[in-house]
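# Geometric and topological summary
The chain contents come next:
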Amino acid sequence: TARLWDAASGRGLRVYEGHDDYVSAVALSPDGRRVLTASWDQDLRLWDKASGRLLGVLAGHTANVSCAAFGPDGRFVVSGAWDAGVRAWDLESFSTVCLLEGHENNVSTVALSPDGRQVASGGVDALVRVFDLKSRRAVRSLAGHEAEITSVVFTPDGRYLVSASRDKTVRLWD
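What this report covers is the structure whose coordinates are included nearby. (Residues numbered from 1 in each chain as written. Predicted model: local features only at pLDDT ≥ 70, side-chain atom pairs only at ≥ 80, totals over all residues. Heavy atoms only, no water.)

## Quick word on the sheet that holds strand 7 (residues 65–70)
Applied cut-off: Paired strands, in this sense, are two strands between which DSSP finds at least two bridges. Numbering of helices and strands runs from the N terminus; a helix is a DSSP stretch of H or I covering at least four residues, while a strand is a stretch of E covering at least two. Note on definitions: angles span 0 to 180 degrees between N-to-C directions of axes, and those axes are lines fitted to C-alpha atoms, for helices only across the stretch in contact.
Judged by pairing direction, the sheet is antiparallel, and its four strands sit side by side in the order 7-8-9-10 without closing on themselves. Where the open sheet ends on each side, the last strands, each with one partner, are strand 7 and strand 10 (95–100). This sheet shows a mean twist of 25° between the axes of neighbouring strands, independent of strand direction. Pairing between strand 7 and strand 8 (residues 76–81): five bridges, direction antiparallel. The partner of Ala 68 across the bridge, within strand 8, is Ser 79.

## Notes on the pattern of salt bridges
Applicable threshold: A pairing counts as a salt bridge when a side-chain nitrogen of Lys or Arg comes within 4 Å of a carboxyl oxygen of Asp or Glu. Categorising residues by exposure relies on relative accessible area from a 1.4 Å probe, with only protein chains included: less than 20% of the type maximum marks a residue as buried, more than 50% marks it as exposed, and the intermediate range marks it as partly exposed.
The full count for this structure, using the stated rule, is three salt bridges. Among the salt bridges present, the one from Arg 33 reaches Asp 31, with a minimum N-O distance of 3.9 Å. Exposure remark for Asp 31: the relative accessible area of 44% places this residue in the partly exposed category.

## Considerations on the pairing of strand 4 (residues 34–39)
For strand 4, a buried count of six out of six residues is recorded, marking the element as mostly surrounded by other parts of the structure. Neither face of strand 4 is exposed, since Arg 34, Leu 36 and Ala 38 on one face and Val 35, Thr 37 and Ser 39 on the opposite face are all buried. Relative to strand 4, strand 3 (residues 23–28) runs antiparallel, the two sharing five bridges. Pairing of Val 26 across the sheet is with Thr 37, part of strand 4. Between the end of strand 3 and the start of strand 4, which pair antiparallel, lie five residues, with Gly 32 showing a positive phi angle near 75°. As paired strands, strand 4 and strand 5 (residues 43–48) are joined by five bridges and run antiparallel to one another. Pairing of Ala 38 across the sheet is with Leu 44, part of strand 5. Counting the residues between successive antiparallel strands, the hairpin from strand 4 to strand 5 contains three residues, one of them, Gln 42, with a positive phi of roughly 80°.

## Let's talk about the packing of aromatic side chains
Using the following cut-off: In this scheme Phe, Tyr and Trp rings, the latter by its six-membered ring, pair at centre separations within 6.5 Å, and the angle between planes marks the pair as stacked below 30 degrees, edge-to-face above 60, and tilted otherwise.
Enumeration over the complete set of coordinates arrives at three aromatic pairs. Aromatic side chains Tyr 16 and Trp 47 sit 5.8 Å apart centroid to centroid with 50° between the ring planes, which places their arrangement in the tilted category. Taken together, the residues Tyr 16 in strand 2 (residues 12–16) and Trp 47 in strand 5 connect sequence positions 31 residues apart. Residues Tyr 16 and Trp 47 agree in their burial class; the two are buried. Relative to Trp 40, the ring of Tyr 22 has its centre 4.7 Å away and its plane inclined at 70°; by these criteria the two rings are edge-to-face. Here Tyr 22 is found in the loop between strand 2 and strand 3, whereas its partner Trp 40 is found in the loop between strand 4 and strand 5, with 18 residues between them in sequence. Residue Trp 40 is classed as partly exposed on the basis of its relative accessible area of 30%.

Any link to function would need more than the numbers given here.
Right under this line is the structure:
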């Protein structure tokens, strides 16, 4: 399950139930109206934040889904899983737009550039991969960490990428 909380009072407002296994990630749409949950049941679920109604299921990963992020316009999402894949999903059709391949092992983290054109991902292989969504290809492979990548994020202007790792380092990439 995932829960929506009132941050000021600490009161629970909504429960999003429906996954068959551990919920590993949650993301909020840019307009704040939808909640995306990712789970070890290999699916992602999209919910209406206010009503708690399930809007759709994104199925296609073949292993635990570990991370997810909304595109800047809220019309698509990306996810990473232990099947070594990064998927982009269309939220109108609830279908896979593309499968971005290049990791050798579990994907731990994904992020979208502010313009929605690039996806960054990191995982157990200790590499940060940057994919171009239009060409659906890896455009950069950033090596330097010595252990699993735990987080990636683009700066608000999209010029830099920051990564964190279990090797106890944070790196800034241009």
